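Each chain, letter by letter, is given below.
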Amino acid sequence: MSPILAILVVAFFLYCVTTSASDPDPIQDFCIPNPKFGSIKIAHLGSLPCKNSSEATTDDFVFSGMKGAGNFCDTGLAAISVNPAIFPGINTLGMSFVRADLKVGGYNPPHFHPRATEIAYVVQGSVYAGFVDSTNRVFARVIEQGEVIVFPRGLLHFLMNVGDKPATIFGSFNSQNPGLQKIPTAIFGSGIRVELLEKAFGLSPKQIRVMRRRFNPKSKG
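To keep things clear, this report deals only with the structure shown in the data block. Note that the structure is predicted; figures quoted are calculated from it, not measured.

1. A closer look at the pairing of strand S7 (residues 148-151)
As a general feature of sheets, a regular strand has side chains that alternate between the two faces. Side chains Ile149 and Phe151 of S7 all project onto a buried face; the interleaved residues Val148 and Val150 project onto a face where none is buried. Relative to S7, strand S4 (residues 118-124) is paired through four bridges, and the arrangement is antiparallel. Looking at the pairing, Ile119 lines up with Val150 of S7.

Structure (structure tokens):
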């Protein structure tokens, strides 16, 4: 293969990767999925036919499920994720959002979204928030009510309520399917071989069993 042809092949590959790495542009004003074709599947959000635009109503574009906090987990976090599966009006618009509530001392453990940048707005409370870049540099500080922080796509980030009252954060993503991977669960709840975890983290088999039971209750250690 000639050098010029090789460069063209690499350039074409990079073009394909970058152009397919985000949500496609819509080709109509909006697309309310037609319920006649079944329920919306997260992995195939853009695959359902739209119902006729003349059948759309104002209610298709209004969501009322974020008025209060969701169910709290053992980390003191309650999250209500909103995507086209529960809010059809945002289908094909390249966005989704979340309401997160944190009890005093509650936290959202380190995690990342492989397909979206996130903007987080503090509605109330004081939250220690930040992200880690690819050089392992931490960008973090306490953000207060009315402030906004951005978490670049694919970078590990975290939140913790450091105030003396509950905190509420609204997050917005530039993808209707941003994806979510929590680091502790991915490491200790996914079935990675014990031998590798021992070498990577300097933990004993007993310690790994404890972590596995914590992040994967179905694990037998």
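2. Focus on the sheet that holds strand S1 (residues 77-82)
In space, the five strands of this open sheet follow the order S1-S2-S9-S4-S7, with antiparallel pairing throughout. The open sheet is flanked by S1 and S7, the only strands paired with a single partner. Within this sheet the neighbouring strands show an average axis-to-axis angle of 20°, counted without direction.

3. Topic: the state of the cysteines
Scanning the entire structure with this criterion turns up one disulfide. Between the sulfur of Cys31 and that of Cys50 lies a disulfide, 2.0 Å long from S to S. An S-S torsion of about -105° defines the bridge between Cys31 and Cys50 as left-handed. With a gap of 19 residues between them, Cys31 in the loop between helix H1 (3-19) and S1 and Cys50 in the loop between H1 and S1 connect regions that are remote in the sequence.

4. Examining the pattern of salt bridges
Should their charged atoms come close, side chains of opposite charge can pair. Scanning the model with the defined rule gives four salt bridges in all. Between Lys51 and Asp60 there is a salt bridge, and its shortest N-O distance comes to 3.4 Å. Classification of Asp60 as buried rests on a relative accessible area of 16%. Between Asp101 and Arg99 there is a salt bridge, with its nearest N and O atoms 2.7 Å apart. Accessibility assignment for this pair places Asp101 and Arg99 in one class, buried.

Definitions and cut-offs
- Residues numbered from 1 in each chain as written.
- Predicted model: local features only at pLDDT ≥ 70, side-chain atom pairs only at ≥ 80, totals over all residues.
- Heavy atoms only, no water.
- Buried < 20%, exposed > 50% of the residue type's maximum accessible area, 1.4 Å probe, protein only.
- Helix = DSSP H or I, 4+ residues; strand = E, 2+ residues; numbered from the N terminus.
- Pairing = 2+ DSSP bridges.
- Axes fitted to C-alpha atoms, helices over the stretch in contact; angles between N-to-C directions.
- Disulfide = S-S within 2.5 Å.
- Salt bridge = Lys/Arg side-chain N within 4 Å of Asp/Glu carboxyl O.

The quantities given are spatial measurements derived from coordinates; they are silent on function.
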